[in-house]
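Here's the letter readout for the chains.
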Amino acid sequence: MTKRYAALLRGINVGGKKKVPMPELRSLLAELGHRDIATYLQSGNAVFSSAAGDERTLAAGIEEAVEQTFGFRVDTLVRGGAYLWAVADACPFPAHTLQGRQLHVTFLSERLPPERLASVDAAALLPEEFRLGDRAMYLYTPEGLGRSKLAELLGRPSLFKGVVATSRNWNTVVKLVEMTRD
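Just so it is clear, the model here is predicted, and its values are computed rather than measured.

Participant: Looking at this structure, how should I read the packing of aromatic side chains?
Facilitator: By convention here, two paired aromatic rings are described through the distance between centres and the angle between planes. Tallied over the full model, the rule gives 3 aromatic pairs. Looking at arginine 79, its charged tip hangs above the ring of tyrosine 83, at a distance of 5.5 Å from the centre.

Participant: What is the right way to look at unusual backbone geometry in this model?
Facilitator: In most cases, non-glycine residues show a negative phi, while peptide bonds are predominantly trans. The omega angle of the peptide bond from leucine 126 to proline 127 is 15°, so this bond is cis rather than trans. Within the secondary structure, proline 127 sits in the loop between helix H4 (122-125) and strand E6 (129-133). A positive phi angle, close to 55°, is found at asparagine 13, a residue other than glycine. Looking at the secondary structure, you find asparagine 13 in the loop between strand E1 (3-9) and helix H1 (22-31). With relative accessibility at 26%, the residue asparagine 13 sits in the partly exposed group. Of note in this structure, aspartate 36 is not a glycine but carries a positive phi near 50°. As for its placement among the helices and strands, aspartate 36 is situated in strand E2 (residues 35-40). Of the residues examined, aspartate 36 reaches a relative accessible area of 53% and is grouped as exposed.

Participant: Is there a simple way to explain the nonpolar core in this structure?
Facilitator: Looking at soluble globular proteins, one finds that nonpolar side chains tend to be buried together. One finds Leu84, Val87, Cys91, Val105, Phe107 and Trp170 to be the most contacted residues of the largest nonpolar core, which totals 22 residues. Of all the elements in the fold, those that place two or more residues in this core are E1, helix H3 (81-89), strand E5 (103-108), strand E7 (136-140) and helix H6 (170-179). Broken down by element, the residue count for this core peaks at 5 residues, all from H6. One finds Tyr5, Leu25, Ala46 and Ile62 within the second-largest nonpolar core, a separate group that totals 20 residues.

Conventions used here
- Residues numbered from 1 in each chain as written.
- Predicted model: local features only at pLDDT ≥ 70, side-chain atom pairs only at ≥ 80, totals over all residues.
- Heavy atoms only, no water.
- Phe/Tyr/Trp six-rings, centres within 6.5 Å; stacked < 30°, edge-to-face > 60°.
- Lys NZ or Arg CZ within 6 Å of the ring centre and 35° of its normal.
- Helix = DSSP H or I, 4+ residues; strand = E, 2+ residues; numbered from the N terminus.
- Buried < 20%, exposed > 50% of the residue type's maximum accessible area, 1.4 Å probe, protein only.
- Core = buried A, V, L, I, M, F, W, Y, C linked by side-chain atoms within 4.5 Å.

Limitation: the analysis is restricted to geometry and does not speak to function.
Take a look at the structure:
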């Protein structure tokens, strides 16, 4: 059975580093046997159909192909359309009342143990907030991620040690849900 997936490549095309042109990424995905390929923006969002593999296997194949093609490793998460819809549906913040830059989802390679975040003084960060979901962390940053003390704090490597994390703003999350609809 063919399913729709989104590939979330971490940290490409940022500040002129790890350049992966989207036409070349689409070609690479086609060479891997995926179909109905589309990319969104230049920041590492690709959608495709595939009958093969689970999310981890698909991600590993993309990571290997990117490394062979471009000469550098890029952590990649692959998520099915149903999962993306569930993440959007489970948003604990009033997404319909917020600007896309105020709400982000950090997708995680696995569930983050809540005890890793026990040292985060959430009250000191208000009005910024975060909530954990299913292999996702929702971030509410009223002034945007670039000015966020929460994002700075969550950027500490010890919090995500051993877990791949890549963030997308809410507008991108909604677009990926639309693009992966079966």
